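Notes for the structure review
One-letter residues, chain by chain:
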Amino acid sequence: FTGSGGLTVSGELRVQGTASDPVVFTSLHDDEYGGATTRNGTTTAPASGDWYTLKFQGNAEGSTMTHVRVRYGGPQSIWVPSGAIRVEDVAATFDHVTIEKNYAIGTVLSNSASSISDSFIRDHTTSTGYGVLLTGEALPTITNTTFSNNLTHIFKDGSADYADGGGNVFEE
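Predicted, not measured: the structure shown is a model, and the values here were computed from it.

Quick notes on the rules
Residues numbered from 1 in each chain as written. Predicted model: local features only at pLDDT ≥ 70, side-chain atom pairs only at ≥ 80, totals over all residues. Heavy atoms only, no water. Salt bridge = Lys/Arg side-chain N within 4 Å of Asp/Glu carboxyl O. Helix = DSSP H or I, 4+ residues; strand = E, 2+ residues; numbered from the N terminus. Buried < 20%, exposed > 50% of the residue type's maximum accessible area, 1.4 Å probe, protein only. Phe/Tyr/Trp six-rings, centres within 6.5 Å; stacked < 30°, edge-to-face > 60°.

Here we come to the pattern of salt bridges. Considering all chains together, one arrives at nine salt bridges under this definition. K55 is the partner of E88 in a salt bridge, and the nearest nitrogen-oxygen pair spans 3.9 Å. One end of the pair, E88, is in strand β6 (residues 85-88); the other, K55, is in strand β4 (residues 54-56), with 33 residues separating them in the sequence. Across the pair E100 and R71 runs a salt bridge whose closest N-O atoms are separated by 2.7 Å. With E100 in strand β7 (residues 93-100) and R71 in strand β5 (residues 64-71), this residue pair connects regions lying 29 residues apart in the sequence. Across this residue pair, the class does not change: E100 and R71 are buried. One continuous salt-bridge network, built from bridges that share partners, spans D30, E32, R69, R71, E100 and R122.

Have a look at this one:
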């Protein structure tokens, strides 16, 4: 992705990678995945906020992402708390997902009972630096997930909360 690129999901989406070959959503400039995709003869470093968001809404209930990496996304605006992943009013499943190096927020769950398990949420250090932002009536279950190098690992806004499924690690 680049610029305002992203994906809005309004139907069920199933993304299935493997431990050795994950599906990667990242910046066009991320040469770690995909090689030198800009083909401009120079090295352009990826940066948080290089692309917009993966947004789950409407009929996206039941969507799943397994063995996926989400990097360098999230709009560069603190006024629109989108995060690299945004789930609104539906429940999605995120299993063995690495969410890292995104601008301001890794994941926003709004009025969502999604589940996050066996995952890594890390390196959100710009702007608000939330690993996960919970809003509205969000009540996800988070299990066996490691949070590291976020300014705030989980931020709960209003009545939002999460169910701790156990095994979560919160590193400085």
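Each pair of aromatic rings is reported with the distance of its centres and the angle of its planes. Within this structure, the stated rule accounts for three aromatic pairs. Judged by centre distance (5.9 Å) and plane angle (85 degrees), the ring pair of F56 and F94 falls under edge-to-face. Here F56, found in strand β4, pairs with F94, found in strand β7; they are 38 residues apart in sequence, far enough to count as distant. Consider the rings of F147 and F170, whose centres lie 5.0 Å apart with planes at 10 degrees: the pair is stacked. Linking F147 in strand β13 (residues 146-150) with F170 in strand β16 (residues 169-170), this pair joins segments that are 23 residues apart in sequence. Residue F170 is classed as partly exposed on the basis of its relative accessible area of 37%.

This next bit is on unusual backbone geometry. If a residue is not glycine, its phi is most likely negative; likewise, a peptide bond is most likely trans. Backbone geometry places H67, a non-glycine residue, at a positive phi of 55 degrees. On the secondary structure map, H67 appears in strand β5. We note that N149 has phi near 55 degrees; this positive angle belongs to a residue other than glycine. Inspection of the secondary structure assignment puts N149 in strand β13.

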